[in-house]
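# Summary of structural features
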Amino acid sequence: DGGITQSPKYLFRKEGQNVTLSCEQNLNHDAMYWYRQDPGQGLRLIYYSQIVNDFQKGDIAEGYSVSREKKESFPLTVTSAQKNPTAFYLCATREGRPGANVLTFGAGSRLTVL
Amino acid sequence: AQRVTQPEKLLSVFKGAPVELKCNYSYSGSPELFWYVQYSRQRLQLLLRHISRESIKGFTADLNKGETSFHLKKPFAQEEDSAMYYCAVVGTYKYIFGTGTRLKVLA
């Protein structure tokens, strides 16, 4: 495993609890992304960050929060406000230089709400 | 609206048969198009990007701006091609993915 580390790989949560998914990268990439992958729905963007201390909402940000205090780290918190949090979560990174549009993905974290 | 459409959820072909995975997009401006692939138990990874104009693992994809399509093709499918394929379009920093097509290559 090189580049992007997501943890935990599997996580179980009770309803009403917040959980935080970790994404760490050593690629020195500027931009980081969180996607949610559900069967039949593809990848949907939750949040993204182009630089440290800045992030933007994606298409399905409600019930999620992020921070980008360090270039290497982009943790995602799934709050109790997220109505259907059981899903596979993917973190991705992209170089900052213009035209560098290829995404590199982590191995993912599977969250199950009991 | 910006959108990527992959009309087939599942595509089954026999080994050695031609494969075409369809992708249509709706995007204003000049987007860049990609195909990403996810093999079983592996990470999602880049397969092709339209600006490279390369053939990867025997796959090619041509951008047709008139039809706003970026279909993925391979003349002779192999069993190891079985995977989930996603078409994606990117504008300024934002990526839009299709819903994916699962390709099953039968022996």
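Owing to the predicted nature of the structure, the values given are computational and were not obtained by experimental measurement. Sequence positions are assigned chain by chain, starting from 1 and proceeding in written order. Each chain takes a letter, starting from A, and each ligand takes a number, starting from 1, following the order in which they are written. Per-residue local features are limited, in this predicted model, to residues with pLDDT of at least 70; the limit for side-chain atom pairs, both in listing and counting, is 80 or more; totals at the level of whole chains, interfaces and linings are taken over all residues. The side-chain values count all of the structure's non-hydrogen atoms but skip hydrogen atoms and water molecules.

## Side note on the state of the cysteines
All names here are of chain A. Whenever a pair of cysteine sulfur atoms sits within 2.5 Å, that pair is classed as a disulfide. A complete count under the given rule lists 2 disulfides over all chains for this structure. Note that Cys23 is cross-linked by a disulfide to Cys91, the S-S spacing being 1.9 Å. Disulfide Cys23-Cys91: the torsion about the S-S bond is -70°, which places it as left-handed. Placement of Cys23 in strand β3 (residues 19-25) and of Cys91 in strand β9 (residues 87-94) is noted, with a sequence separation of 68 residues between them. Here a strand is any run of E in DSSP of at least two residues, a helix any run of H or I of at least four, and the numbering for each starts at the N terminus.

## Structural notes on the environment of A:Gly108
Residues and elements named next belong to chain A. Among the secondary structure elements, Gly108 is positioned in the loop between β10 (104-105) and β11 (109-113). Gly108 gets classed as buried once you look at its relative accessible area, which sits at 2%. Counting along the chain gives 63 residues from Gly108 to Leu45, while the straight-line C-alpha distance between them is 14 Å. Only protein chains enter the accessibility calculation, which uses a 1.4 Å probe. A residue is then buried if its area is under 20% of the maximum for its type, exposed if over 50%, and partly exposed in between.

## What about the sheet that holds strand β7 (residues 60-61) of chain B?
Residue and element names in this part refer to chain B. For two strands to pair, DSSP has to find at least two bridges joining them. Spatial strand order, β3-β8-β7: 3 strands in an open sheet with antiparallel pairing. Each edge of the sheet is formed by a strand with only one pairing partner; in this case those strands are β3 (19-21) and β7. Note that β7 and strand β8 (residues 72-74) share 2 bridges and pair antiparallel. In the sheet register, Thr60 faces β8, and the bridge partner there is Lys73.

## Structural notes on the nonpolar core
Take the buried Ala, Val, Leu, Ile, Met, Phe, Trp, Tyr and Cys residues and link them wherever side-chain atoms come within 4.5 Å; each set so joined is a nonpolar core. Of all hydrophobic cores here, the largest spans 26 residues; its most connected members are B:Leu21, B:Trp35, B:Leu47, B:Leu72, B:Tyr85 and B:Leu103. The leading source of residues in this core is strand β9 (residues 83-90) of chain B, at 4 residues. Throughout, a contact is declared for two residues whenever any of their heavy atoms are within 4.5 Å. When residues no more than four places from it in sequence are discounted, the contact partners of B:Tyr85 are B:Gln6, B:Leu21, B:Trp35, B:Tyr36, B:Val37, B:Tyr39, B:Leu47, B:Phe59, B:Leu72, B:Gly100, B:Thr101 and B:Leu103. Among the nonpolar cores identified, the runner-up in size contains 20 residues, and A:Leu45, A:Leu90, A:Phe105 and B:Tyr95 belong to it.

## Remarks on unusual backbone geometry
In this structure, the amide linkage connecting A:Ser7 to the following residue, A:Pro8, adopts the cis form with an omega of -10°. Locating A:Pro8 in the fold gives a position in the loop between β1 (4-7) and β2 (10-13).

## A few points about the sheet that holds β3(A)
Pairing between the strands of a sheet comes from backbone hydrogen bonds, and it takes one of two forms, parallel or antiparallel. Residues and elements named next belong to chain A. Across the sheet, 4 strands lie side by side as β1-β3-β8-β7; this open sheet has antiparallel pairing. Each end of this open sheet is capped by a strand with a single partner; those strands are β1 and β7 (64-66). In this sheet, neighbouring strand axes are inclined to one another by 20° on average, regardless of whether the strands run parallel or antiparallel. Here β1 pairs with β3 via 4 bridges, running antiparallel. Paired with Thr5 across the strands is Glu24, a residue of β3. Axis angles are defined between N-to-C directions and span 0 to 180 degrees, where every axis is a line fitted to C-alpha atoms and, for a helix, only to the segment in contact.

## Structural notes on a nonpolar patch on the surface
All names here are of chain A. Residues Tyr10, Phe12 and Leu114 make up a contiguous nonpolar surface patch of about 400 Å² in total accessible area. Considering the arrangement of structural elements, one finds Leu114 in the segment after β11. A relative accessible area of 62% places Leu114 in the exposed class. Patch definition: residues above 30% relative accessible area lacking any salt bridge, with like charges linked at up to 9 Å and the nonpolar side chains Val, Leu, Ile, Met, Phe, Trp and Tyr linked at up to 5 Å. Using a 1.4 Å probe, the Shrake-Rupley method yields the accessible areas, and only the shown protein chains count as cover for residues. Salt bridges are defined by distance alone: a side-chain nitrogen of Lys or Arg within 4 Å of a carboxyl oxygen of Asp or Glu.

## Thoughts on the pattern of salt bridges
Scanning all chains against the criterion turns up 7 salt bridges over all chains. A salt bridge links B:Glu32 to B:Arg49; the shortest N-O distance between them is 2.7 Å. Remark: B:Arg49 occurs in strand β6 (residues 45-49) and B:Glu32 occurs in strand β5 (residues 32-38); sequence separation between them is 17 residues. Residue class for B:Glu32 comes out buried when judged on its relative accessible area of 8%. Among the ionic contacts, a cluster of salt bridges with common partners joins A:Arg36, A:Asp38 and A:Arg44.

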